[in-house]
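Coordinates in review
The lines below spell out each chain.
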Amino acid sequence: MQEVKNKKIKKDIHLDAPFHVTGKTKYIDDLPELEGTLFAKVFDSSCAHGKLISVDTSKAEELEGVFAILTAKDVPGVNQIGGIIKDEPLLAETDVHFMGQPVALVLAESEEIAHEATALIHAEYEQLEVIVDPKEAYAKGSMLSNSRTFSLGSPDSAFAECAHVFEGKADSGGQEHLYLETQGAYAIPRDQGGILVESSTQGPTAVQRVVAAVLGLEMSKIEVNVNRIGGGFGGKEDQASLWAGLAALGCFVTGRPVKLILERHEDLRMTGKRHPYRSDYKIGLDKDLNIVAFEASFFQNGGGAADLSTAVLERTLFHGTNSYFVPNVRMTAHPCKTHIAPNTAFRGFGGPQGMFVMEAAIHHAARELGVSPWGIQKKNLLRDGNEFSYGQIVENSEANRCWDQAHGDFDFLKMVEEVEEYNHSQSLSKKGLAIMPICFGISFTNTPMNNARALVHVYGDGSVGVSTGAVEMGQGVNTKMVQVAALMFGLPYDRIRLETTNTSRVANTSPSAASATADLNGRALQDACRQILERLVPLAAELLGGADEKQISFSNEMVFLDGNPTELSWDDLVAKALLLRLNMSAKGHYSTPVIHFDKEKEKGHPFAYHVYGTSIFEVTVDCIRGTYDIDSVKIVHDFGSSMNKAVDLGQIEGGLVQGIGWMTLEDLQYDKQGRLRSHTLANYKIPDVYSIPEDIQVKFLNTDHDNLAILRSKAVGEPPLMYGIGAYFALTNAILAFNPNANIPYDAPMTTEKILMALYSA
Ligand code: MTE
Ligand code: HPA
Ligand code: MOS
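Looking now at a negative patch on the surface. Taken together, the side chains of Asp411, Glu417, Glu420 and Glu421 make up a negatively charged region of the molecular surface. Summarising the element assignment, glutamate 421 is placed in helix α14 (residues 412–425).

On to the domain arrangement of the chain, then. Where interface size is given, it is often the accessible area lost as the parts come together that is meant. The domains assigned to the chain are domain 1 (17–25 + 451–591), domain 2 (31–128 + 177–270) and domain 3 (277–445 + 599–759). The distance between the C-alpha centroids of domain 1 and domain 2 comes to 37 Å. Summed over both sides, the interface of domain 1 with domain 2 buries roughly 1,400 Å², with 50% coming from carbon and sulfur. At the boundary of domain 1 and domain 2, one finds zero salt bridges. Linking domain 1 to domain 2 there are nine residue pairs in polar contact (both at pLDDT 80 or more). Each residue belonging to the side of domain 1 that touches domain 2 can be placed in one class, and the counts come to five nonpolar, 11 polar and two charged.

With that out of the way, let us pick up the site of ligand 2. Taken together, Glu237, Arg315, Phe349, Phe444, Thr445, Met449, Ala513 and Ala514 make up the full set of residues near ligand 2. Contact between ligand 2 and glutamate 237: a nitrogen atom at 2.6 Å from a side-chain N or O atom of the residue. Between ligand 2 and the protein, one listed contact pairs an oxygen atom with a backbone N or O atom of threonine 445 at 3.0 Å. Bound to the protein, ligand 2 loses 97% of the 260 Å² it would expose on its own. Residue classes in the shell around ligand 2 are distributed as five nonpolar, one polar and two charged.

Before going further, it helps to examine the sheet that holds strand β27 (residues 609–622). One open sheet holds the four strands; their spatial order is β16-β27-β28-β29, and the pairing between them is mixed. The open sheet has two free edges, formed respectively by β16 (429–442) and β29 (695–702), since each of these has just one partner strand. Averaged over all adjacent pairs, the angle separating strand axes in this sheet is 15°, with direction ignored. Pairing geometry for β16 and β27, over 14 bridges, is antiparallel. Considered in β27, the bridge of methionine 436 is made with serine 615. Lying over the sheet, helix α19 (residues 725–738) contacts β16, β27 and β28 (628–640), oriented at roughly 155° with respect to β16.

Turning our eyes to something else, we now look at a nonpolar patch on the surface. The grouping of Leu428, Ile624, Leu756 and Tyr760 at the surface amounts to a nonpolar patch, some 380 Å² of accessible area in total. Among the secondary structure elements, leucine 428 is positioned in the loop between α14 and β16.

Counted according to the given criterion, the structure contains 40 salt bridges. Note that arginine 530 is salt-bridged to aspartate 527, the shortest N-O span being 3.9 Å. Of this pair, arginine 530 and aspartate 527 both sit in helix α16 (residues 517–543), separated by three residues, roughly a single helical turn. The network of salt bridges with shared partners includes Arg148, Glu314, Lys599 and Glu602.

Next up on the list: the sheet that holds strand β24 (residues 585–591). The sheet built from four strands is open, its strands ordered β19-β18-β17-β24 with mixed pairing. The open sheet terminates on both sides in strands that have one partner only, identified here as β19 (496–498) and β24. Shown here is a sheet whose adjacent strand axes are inclined to one another by a mean of 20°, direction ignored. Where strand β18 (residues 464–468) lies against β19, three bridges are found, and the strand directions are parallel. When the bridges of β19 are listed, valine 466 appears paired with leucine 498.

Moving on: the site of ligand 1. In the vicinity of ligand 1, 16 residues are found, and the nearest of them are Gly232, Phe233, Met473, Thr517 and Gln651. Between methionine 473 and ligand 1, the recorded distance is 2.9 Å, taken from a backbone N or O atom to a nitrogen atom. Serine 515 places a polar main-chain atom, nitrogen or oxygen, 3.5 Å from an oxygen atom of ligand 1. In isolation ligand 1 has 520 Å² of accessible area, and contact with the protein removes 91% of it. In terms of residue class, the shell around ligand 1 is built from five nonpolar, nine polar and two charged.

Another point: the packing of helix α7 (residues 204–215) against helix α8 (residues 240–254). To characterise two packed helices, one gives the angle between the axes of the helices and the distance between these axes. At a minimum axis distance of 9 Å, the contact between α7 and α8 shows a crossing angle of 40°. Here α7 is positioned oblique relative to α8, judged by the angle of their axes. For the pair α7 and α8, the sense of crossing is right-handed. From α7, Ala206, Val207, Val210, Val211, Val214 and Leu215 reach across to α8, where they touch Ala240, Ser241, Ala244, Gly245, Ala248, Leu249 and Phe252. For the contact of α7 with α8, the class distribution of residues is 11 nonpolar, two polar and no charged.

What follows deals with the nonpolar core. Residues Ile283, Phe294, Phe356, Ile725 and Tyr728 are the most contacted members of the largest nonpolar core, which totals 107 residues. Those residues in contact with phenylalanine 356 that sit more than four places away from it in its chain are Ala170, Asp171, Ser172, Met663, Ile725, Tyr728, Phe729, Tyr746, Asp747 and Ala748. If you look at the next biggest cluster of nonpolar residues, it comprises 48 residues, including Ala485, Leu491, Ala524 and Leu539.

The next thing to look at is the pairing of β18. Among the five residues that make up β18, five are buried, leaving the element largely enclosed by the rest of the structure. Covered by surrounding structure in β18 are Val464, Val466 and Thr468 together with Gly465 and Ser467, the residues of both alternating faces. Direction of pairing for strand β17 (residues 451–458) relative to β18: antiparallel, over a ladder of five bridges. When the sheet's bridge partners are listed, alanine 454 is paired in β18 with threonine 468.

Rules behind the numbers
- By convention here, each chain's residues receive numbers from 1 onward along its written sequence.
- Going through the entries in the order they are written, you letter the chains from A and number the ligands from 1.
- Totals for whole chains, interfaces and linings use all residues, but because this is a predicted model, local features are given only for residues with pLDDT of at least 70 and pairs of side-chain atoms are given and counted only at 80 or more.
- Heavy atoms from the whole structure form the basis of all side-chain values; hydrogens and water molecules are not counted.
- Patch membership requires more than 30% relative accessible area and the absence of a salt bridge. Residues of like charge join within 9 Å; the nonpolar side chains Val, Leu, Ile, Met, Phe, Trp and Tyr join within 5 Å.
- Using a 1.4 Å probe, the Shrake-Rupley method yields the accessible areas, and only the shown protein chains count as cover for residues.
- The term salt bridge refers to a side-chain nitrogen of Lys or Arg lying within 4 Å of a carboxyl oxygen of Asp or Glu.
- None of His or the chain ends enter the tally, which takes Lys and Arg as positive and Asp and Glu as negative.
- In this description, the location of a charge corresponds to atom NZ of lysine, CZ of arginine, CG of aspartate or CD of glutamate.
- Numbering of helices and strands starts at the N terminus; helices are DSSP runs of H or I of at least 4 residues and strands are runs of E of at least 2.
- Bear in mind that the domain bounds are from an automatic or database domain assignment.
- Buried area adds together the accessible area that both of two parts lose upon being put together, with accessible area traced by a 1.4 Å probe.
- A 3.5 Å cut-off defines polar contacts: any pair of N or O atoms within that distance qualifies, except that in protein one atom must be a possible hydrogen donor and the other a possible acceptor, and neighbouring residues in sequence count only when both atoms are side-chain atoms.
- Residues are grouped as follows: nonpolar covers Ala, Val, Leu, Ile, Met, Phe, Trp, Tyr, Cys and Pro; charged covers Asp, Glu, Lys and Arg; every other residue, Gly included, is treated as polar.
- When at least one non-hydrogen atom of a residue lies within 4 Å of a molecule or strand, that residue is treated as near it.
- We call two strands paired when DSSP finds no fewer than two bridges between them.
- Every axis corresponds to a line fitted to the C-alpha atoms, with the helix fit spanning only the stretch in contact, and the corresponding angles, defined between N-to-C directions, vary from 0 to 180 degrees.
- What makes two residues a contact is simply this: any of their non-hydrogen atoms within 4.5 Å.
- Should an angle lie under 35 degrees it is considered roughly parallel, over 145 roughly antiparallel, and from 65 to 115 roughly perpendicular; all remaining angles are considered oblique.
- Crossings are sorted by hand: turned counterclockwise from the far helix by less than a right angle, the near helix makes the crossing left-handed, and turned clockwise it makes it right-handed.
- The criterion is simple. A nonpolar core is a set of buried Ala, Val, Leu, Ile, Met, Phe, Trp, Tyr and Cys residues joined through side-chain atoms within 4.5 Å.
- Each residue's exposure class comes from its accessible area (1.4 Å probe, protein chains only) as a fraction of the maximum for that residue type: buried when under 20%, exposed when over 50%, partly exposed otherwise.

Dropping the structure here:
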């Protein structure tokens, strides 16, 4: 305790880092196995679409060490895990709708035996037509839900008056989450019929709801505990529930602890990914290059069940005009049902797919008109008072400030000159530039989800225990929660213990997602701390001889009066409070004010605020090989007033590189039978240390407007992913410097193969 007192507070650190790099951090698979634990393996469908005729488990059951094999008929509650639409069974019952869909669950004394047993199970299917393309699905009426349209102004008459109108197509591929920790859960029987589920999930309450439903129990019987997860990126917002549901089913039926951890290849094969999109656009500009009208149709490849597709679809519409003001808009999005694994949340949540189409349309217009894309981009950036297609009015737009600062700080004009010079002097290597501005709305687009709770205990020795609904997945939310509590109580970080995320301590949580976790849970935590302080302050004032309560504050583990330290320490004050039988625990709550959205009218004010930024990309393409380097990415990002620059910078760099991967390397391929061909890390490439841009510079645009962010520190989790779109267009521009007539369909990712073909196309 003594050494703690004099410790300097270093603000900009990720508190988990020392434990991660020394291998001490614990994940589910590190939990000690309880005696009697059974190991689960999933037998999954080898048919992408068909009737399930029969499942023969008899041979597998004979294998020594196999304890039980469960199928749909063993589900005691409802065999249904769909979160938004009830269209996904826990275990296939009458039909299958994607390869990798769970059909049976093997429970055995070891993982190896369970694995062996799955090979002895045989299922028969009656094959039905397989669709993997969303436009084909749409044409055939294979839909997950209804289409949605956002509109503003009068696009039809506006197009008629435009000086320039361009139409085209823009497709983007899916993306594998590739969290380091694969999906998994460990279900443990508790007395009196309860079950504890240790889950690698972003949504503990979603897991609790699904487990309760499939077991036919009330939610109160199920406790879900999350220590932390080894990455989620959206892949565990909803899709952790399936594996937790299966482990809990095994536990319920056998009365033994059941552990189910996916191997990497199983995870790649069986879980959904970012939605691939195919889109059509039409953009209209006036003679001064103002974007006057925009129209788009988005065909979302949803996969075999709805999962979060309808919510993702909505965010595509919200972000379909990126950071530009377009007065006349009509955008329609179609959630198409195909027969690949149900696609799901992935950093940006449909926003990136929408923004790619807008950027493609601008690029197309610029190419046809012989002007630079950045000329059009700059002209149309959002200004205060502009209206988004969904009715929210732009306030505190930082679009122009980010853009202007990026141009100034990084001397963009000089970059343009140097690239032109380079391209003049080199014939077999060309450079390309692109600017990618972003604007991302912060809040769950589904308004009711924007709330959180926190539980705080001040213990007798003055130390503090904090529980919130936030799940730590590497993004640093635990560090931010420690910071919030430390600031409220005037304590150093190491006197705050951040507890696991547990549904028995903090109930009815929204998933840790939408970049809003620190905002929502941080505000709830402040509320809880405030309640405790309201009980302590009068006592402190009394102990200080009847001082004015308004003069009391807390800092350096001491009570301050009028800004100066007193003799009264935090620990002594707490000890005294307990003798006086004061309540040193509190439950805080927060729900975002202001926001609302009317899904009938498709209008409202869905976002607490927006995050802005501008990135500048420079790339060099080897015009013989089609290979390339991303030379530099220079960013001015709107952090609000960052509460932790190390954590926030890490999010910018990670998001950026993940976005570059989506746009350039990660190429998900499905064959006509619905089989994922890019199913290993040998044939699915993600960014590695060599593909990270040599020069990444990030400037903090500090904006001190009042906003609804925690400590004015804006949400940072998802927005930087969309900077990655700049890589696509910088590569495109380098190709055009080599071959001005190149045929370049807007068809991400821009892989080396596609670059090579474009370089020599006509
Ligand atoms: N960063 C790390 N290291 N690991 C993750 O899984 N997920 C991203 C982002 N950054 C993720 C991450 C996604 S998809 C979201 S929505 C946010 O973090 C969630 O956390 P936040 O709300 O605290 O930003
Ligand atoms: N973003 C991320 N996750 C979500 C959202 C959202 O807007 N809505 C529901 N889940
Ligand atoms: Mo993030 S896609 O909202 O989990």
